[in-house]
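Each chain, letter by letter, is given below.
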Amino acid sequence: MSDEEGAKNTIAGLNRVKKIAEDHGVTICIELLNSKVDHHDYMCDHTAWGRPGRPGCQFSARQAALRHLHMQIMEGDLVRTIQKNIDWIGHFHTGGVPGRHELDATQEVQWDGVMRGIAATNFRGYVAHEFVPTRDPLTSLRQAADLCDV
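Parameters at a glance
- Each chain has its residues counted from 1, running along the sequence as written.
- Owing to the predicted nature of the model, reporting of local features is limited to residues with pLDDT of at least 70; listing and counting of side-chain atom pairs is limited to 80 or more, with chain, interface and lining totals taken over all residues.
- The side-chain quantities take in all heavy atoms of the structure and omit both hydrogens and water.
- For the purposes of this entry, the term helix denotes a DSSP run of H or I that reaches at least four residues, the term strand denotes a run of E that reaches at least two, and both are numbered from the N terminus.
- The salt bridge criterion pairs a side-chain nitrogen of Lys or Arg with a carboxyl oxygen of Asp or Glu, the two atoms within 4 Å.
- Burial classification: accessible surface area is computed with a 1.4 Å probe over protein chains only, and a residue below 20% of its type maximum counts as buried, one above 50% as exposed, and the rest as partly exposed.
- Pairing of N or O atoms within 3.5 Å defines a polar contact, subject to two protein rules: one partner must be a possible hydrogen donor and the other a possible acceptor, and residues neighboring in sequence count only if both atoms are side-chain atoms.

Topic: the environment of threonine 27
Relative to the helices and strands, threonine 27 resides in the loop between helix H1 (3-23) and strand E1 (30-31). Residues threonine 27 and glycine 90 lie 63 residues apart in sequence; the distance between their C-alpha atoms is 8.0 Å.

Overview of the pattern of salt bridges
Tallying each qualifying case throughout the model produces seven salt bridges. A salt bridge links aspartate 112 to arginine 116; the shortest N-O distance between them is 3.6 Å. Taken together, the positions of aspartate 112 and arginine 116, both in helix H5 (residues 111-119) and four residues apart, correspond to about one turn of that helix. Given the relative accessible area of 43%, arginine 116 is considered partly exposed. Note that arginine 142 is salt-bridged to aspartate 146, the shortest N-O span being 3.1 Å. In this pair, arginine 142 and aspartate 146 are both assigned in helix H6 (residues 137-148), four residues apart and thus about one turn of the helix distant.

Some thoughts on unusual backbone geometry
Backbone torsion omega between valine 97 and proline 98 reads 5°, so that peptide bond is classified as cis. Checked against the element boundaries, proline 98 lands in the loop between strand E3 (89-94) and H5. In this structure, asparagine 122 takes a positive phi of about 65° despite not being glycine. Considering the arrangement of structural elements, one finds asparagine 122 in the loop between H5 and strand E4 (126-129).

Some remarks on the environment of arginine 80
By secondary structure assignment, the location of arginine 80 is in helix H4 (residues 78-85). The class for arginine 80 is exposed, based on a relative accessible area of 58%. In sequence terms arginine 80 and valine 114 are 34 residues apart; their C-alpha atoms lie 9.4 Å from each other. Here the side chain of arginine 80 touches aspartate 77 through a polar contact of 2.8 Å, side chain to side chain.

Observations regarding the side chain of histidine 93
Its place among the elements puts histidine 93 in strand E3. For histidine 93, a relative accessible area of 11% puts it in the buried group. Here histidine 91 takes part through its side chain, which lies 3.0 Å from a polar atom of the side chain of histidine 93.

And the structure:
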C-alpha cells in the first residue's frame, strides 16, 4: 500500500488507543525501522514518516522511538536529524551498524558524537542499547554504557 494509505491506517489504529494511553499517562511511540536491510516494506522507515502532524493525528509531542542503527541505514546524518526532530522523539535505541553488534571500532557510527548531539538538546528521556553481542554480553553492555555516558 502507499505511504499515505499506511499513514491513514496507522492513525486510525492509534486513535483507537489514544484515550486509554492518555488516561494512564502513557506516551505512544512509533518505532522507526529500516526497510532497506531488515524490515522490507516497513513504512515508518524515515524520521519524517514517524512525526505527528498528519490530519487526524493528535498525540502528545513525543512519539517516535528513533533507532539509531535503522536511521543510519536509511538516512545517515544522525546528529542533525536528531536535533531537528528532537521534539518528536520519545526514546532512542543504539545498536551497532552493521549487524546490531557492540558499539566499537568495527562500527560506522561514532556513538560518543551521537550521544553528545543528543545531550546538546537537553533530552531527558531514555536511551536503550539493543544489540546482538559477539563477546561477553555484560562486558559489551558496560562498554556501550561507558561510551554513551557523555
